[in-house]
Amino acid sequence: MIQVCSPDSLSSLHPFAFDQATGVSVADNVSFAFNEFKLKRGDFKLRYFIYAIENKTKIVIEKQGEREKTYEDFCSELPENDCRYGLIDLDFETDDGRPTSKLVFISWNPDTASVRPKMLYSGSKEALKSVLMGVGIHINATDFSELDLETAILPTVKKFA
């Protein structure tokens, strides 16, 4: 299932980086890293971040991809049987041939994951999204076919180009 949020709907997000339903908070460095990443400054000239929930209490940056990495590299970093969140700066061409890029948030919640982590990640997603202000494209994926660049991701992303 692919779910897209318009930039207008972002204003209704909870202002704190803490999810009351699950008790999971966002690590302090996530907000700083995101803001630097968004501006492509310093050590944050990167392609993507992959976030994990550590000790069932805190969302942390688990991995980051250098700028030379690709969308395929990003997908290969996602575990087959466990949940993660991802943020990628996706380069693509618009339908009229212009090169552009968009920040895309992906909630990876595979069908093959255990029930408990699926519930924890689903219930904690808003805490992370509230820190990633300005990311207007949110995609939920439950299997690798929903991460296919040509058939699933680009058609969604191009709606915002």
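First, a word on what this report is: a plain description of the structure on this page. (Residues numbered from 1 in each chain as written. Predicted model: local features only at pLDDT ≥ 70, side-chain atom pairs only at ≥ 80, totals over all residues. Heavy atoms only, no water.)

Details of the sheet that holds strand β2 (residues 46-54)
Just so we agree on the cut-off: Any two strands are treated as partners once DSSP identifies two or more bridges connecting them. Numbering goes from the N terminus for both helices and strands, where a helix is a DSSP run of H or I of at least four residues and a strand is a run of E of at least two. Between two residues, a contact is recorded if the distance between any of their heavy atoms is within 4.5 Å. Here an axis means a line fitted to C-alpha atoms, over the contact stretch when the element is a helix, while the angle between two N-to-C directions is reported on a 0 to 180 degree scale.
If you walk across this open sheet you meet the 6 strands as β1-β3-β2-β4-β5-β6, and the pairing is mixed. The open sheet has two edge strands, β1 (25-26) and β6 (137-141), and neither has a second partner. Sitting on the sheet, helix α1 (residues 28-39) is in contact with β1, β2, β3 (58-66), β4 (84-93) and β5 (99-108), with an inclination near 165° to β2. Packed on one face of the sheet, helix α4 (residues 149-157) meets β4, β5 and β6 and runs near 80° to β4.

Brief notes about the nonpolar core
Formally: Here, nonpolar core means buried Ala, Val, Leu, Ile, Met, Phe, Trp, Tyr and Cys residues that are tied together by side-chain atoms lying within 4.5 Å of each other. A simple rule labels every residue: compare its accessible area, found with a 1.4 Å probe on the protein chains alone, to the largest value its type can have, and call it buried under 20%, exposed over 50%, or partly exposed in between.
Formed by 28 residues in total, the largest nonpolar core has its most connected members in Y51, I59, Y85, L87, L128 and L132. Broken down by secondary-structure element, the contributors of at least two residues to this core are α1, β2, β3, β4, β5 and α3 (115-131). Core analysis: the second largest hydrophobic core is formed by 20 residues, Y48, I106, I137 and L154 among them.

Digging into the packing of aromatic side chains
Note the threshold: Aromatic rings from Phe, Tyr and Trp, with only the six-membered ring used for Trp, were paired whenever their centres fell within 6.5 Å, and each pair was classed as stacked if the ring planes differed by under 30 degrees, edge-to-face if by over 60, and tilted otherwise.
Taken as a whole and assessed by the stated rule, the structure comprises 9 aromatic pairs. Their ring planes at 85° and their centres at 5.9 Å tell us that F32 and F44 sit as a pair that is edge-to-face. Of this pair, F32 sits in helix α1 while F44 sits in the loop between α1 and β2; the two residues are 12 residues apart in sequence, bridging distant segments of the chain. The class for F44 is buried, based on a relative accessible area of 17%. With a centroid separation of 4.6 Å and an interplanar angle of 40°, the aromatic rings of W108 and F144 are classed as tilted. Of this pair, W108 sits in strand β5 while F144 sits in the loop between β6 and α4, and the two are 36 residues apart along the sequence. Take W108: its relative accessible area is 1%, and that puts it in the buried class. What links up through ring pairs into an aromatic cluster is the set F32, F37, F44, F49 and Y51.

Section: α4
As a reminder of what qualifies: Here, the arc refers to the directions that run from the helix axis to the C-beta atoms. Pairs of N or O atoms are called polar contacts if they sit within 3.5 Å, as long as, within protein, a hydrogen donor faces a hydrogen acceptor (for residues adjacent in sequence, only side-chain-to-side-chain pairs).
Turning to α4, its buried residues number three or more, namely L149, A152, I153, L154, T156 and V157. All buried residues of α4 fall inside an arc of 165° around its axis, so they share one side. Facing away from the buried side of α4, by more than 90 degrees, are the exposed residues E150 and T151. Turning to α4, the residues buried within the fold contact α2 (71-77), β4, β5 and β6. Residue D148 occupies the N-cap position of α4, its side-chain oxygen lying 3.3 Å from the main-chain nitrogen of E150.

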